[in-house]
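Here is what each chain is made of, one letter per residue.
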Amino acid sequence: KQKHVRKCIVYTWDYRTSQSIWTGLRVQPILSDEVQTFKALILVHKVLQEGHQVVLKEAQAQIGWFETCARTVGADSMRGYGSLIRAYVNFILAKLRFHRHHKEFNGLFEYEEYISLKNIDNPDEGYETIMDLMNLQDQIEQFQKLVFAHFRSSTHNECRISALVPLVKESYGIYKFLTSMLRAMHRRTDASDALQPLRERYDSQHHHLRKFYYECANLKYLTSLINVPKLNHEPPNLFELPEEGPYLPPRQTPK
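All values derive from a computational prediction rather than experimental measurement.

**Overview of the environment of Met 134**
- Take Met 134: it is sitting in helix α8 (residues 123–149).
- It is 7.8 Å that separates the C-alpha atoms of Met 134 and Tyr 202, two residues lying 68 residues apart in sequence.
- Residues contacting Met 134, with those up to four places away along its chain left out, are Leu 178, Leu 182, Leu 198, Arg 201, Tyr 202 and Gln 205.

**Considerations on the packing of aromatic side chains**
- Tallied over the entire structure, the rule returns 17 aromatic pairs.
- Their ring planes at 80° and their centres at 6.3 Å tell us that Tyr 172 and Tyr 213 sit as a pair that is edge-to-face. Taken together, the residues span a long stretch of sequence, with Tyr 172 in helix α9 (residues 158–188) and Tyr 213 in helix α10 (residues 196–217) at a distance of 41 residues.
- The class for Tyr 172 is partly exposed, based on a relative accessible area of 28%.
- With relative accessibility at 2%, the residue Tyr 213 sits in the buried group.
- Measuring from centroid to centroid gives 5.5 Å for Phe 212 and Tyr 213, while their planes differ by 35°, and the two rings are tilted.

**Thoughts on the confidence of the model for the chain**
- Taken residue by residue, the chain gives an average pLDDT of 87. The fraction at 70 or more is 86%.
- Within the chain, the element-level pLDDT minimum falls on helix α7 (residues 118–121), averaging 57, and the maximum on helix α4 (residues 54–58), averaging 97.
- Throughout residues 247–255 the model reports pLDDT below 50, and contacts reaching past four residues in sequence, or to other chains, amount to 17 contacts.

**Considerations on a positive patch on the surface**
- A surface patch of like charges, here positive, comprises Lys 57, Arg 97, Arg 100 and Lys 103.
- Topologically, Arg 100 is positioned in helix α6 (residues 82–101).

**A word on helix α2 (residues 19–27)**
- Where α2 is concerned, the buried positions are Ile 21, Trp 22 and Leu 25. Buried residues of α2 fall within an arc of 95° about the axis and therefore sit on the same side.
- Elements that come into contact with the buried residues of α2 comprise α1 (2–15), α3 (34–50), α4 and α5 (63–72).

**Let's talk about the side chain of Gln 62**
- Along the chain, Gln 62 falls in the loop between α4 and α5.
- Exposure remark for Gln 62: the relative accessible area of 6% places this residue in the buried category.
- Contact partners of Gln 62, with chain neighbours within four places excluded, come to Gln 19, Trp 22 and Arg 26.

Cut-offs applied
Residues numbered from 1 in each chain as written. Predicted model: local features only at pLDDT ≥ 70, side-chain atom pairs only at ≥ 80, totals over all residues. Heavy atoms only, no water. Helix = DSSP H or I, 4+ residues; strand = E, 2+ residues; numbered from the N terminus. Contact = heavy atoms within 4.5 Å. Phe/Tyr/Trp six-rings, centres within 6.5 Å; stacked < 30°, edge-to-face > 60°. Buried < 20%, exposed > 50% of the residue type's maximum accessible area, 1.4 Å probe, protein only. pLDDT = per-residue confidence, 0-100. Patch = residues over 30% accessible without salt bridge, like charges linked within 9 Å, V, L, I, M, F, W, Y side chains within 5 Å. Areas by Shrake-Rupley, 256 points an atom, 1.4 Å probe, with all protein chains shown as cover. Salt bridge = Lys/Arg side-chain N within 4 Å of Asp/Glu carboxyl O. Lys, Arg positive; Asp, Glu negative; His and termini not counted. Charge placed at Lys NZ, Arg CZ, Asp CG, Glu CD. Arc of directions from axis to C-beta.

Have a look at this one:
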């Protein structure tokens with residue numbers, strides 16, 4: 001439930017730790033029921049996104065628990081959550097790998113929180129970071145398609161739809177950040193030809209996201225939980241700074 005998720009998130013900010021949450025997940029009989037396992041992954045994903053920064057660090061020690069979640073459910077599970085659980089675990093592990101290598105990002109990739117711009121000052125590092133972000137975006141795309149493919153006409157699908165909520169938030173955070181970062185790289189380098197492969201991939205992801213958000217906007221249950229972003233038909237122009245939209249924060253002046 002939303003209130004329980006919110007309590008877990010607030011707890012991490014109040015106590016600067018997530019250890020009790022992981023302990024709770026281990027002692028509850030979550031893995032004996034595939035729906036409960038799937039719900040637990042949704043909860044963990046949201047806490048990784050909105051919890052204190054320490055959660056991303058402490059979650060690195062929980063890889064074994066995630067792998068157990070994926071192994072526990074059989075290939076042809078009774079209620080059809082087996083492949084969804086395994087795909088969700090794969091995505092969360094990919095997210096944790098990203099944050100392990102890019103500690104300057106918070107769980108929702110908010111550009112306001114991104115203080116260090118070292119990745120853009122060094123074009124090679126900037127290129128690598130953008131590629132890693134785009135790889136994560138592609139995994140969101142694959143997972144959301146799987147979630148939609150597992151909708152069942154005989155049920156309301158609320159549990160499956162609930163998994164789309166953090167995916168919408170995460171994909172939009174990445175999208176806004178990529179927009180900001182690519183614009184900054186175009187302003188700081190003359191080698192726009194070298195950035196063409198990134199522009200093409202960015203444009204492709206824009207169109208995939210637009211379709212994803214359109215499908216989400218048609219789910220009444222989902223729109224009752226969050227506002228679904230709306231993207232323009234054409235991708236943003238990366239060569240200009242818009243009057244509104246995602247910006248990079250100013251560099252901190254050395255003290």
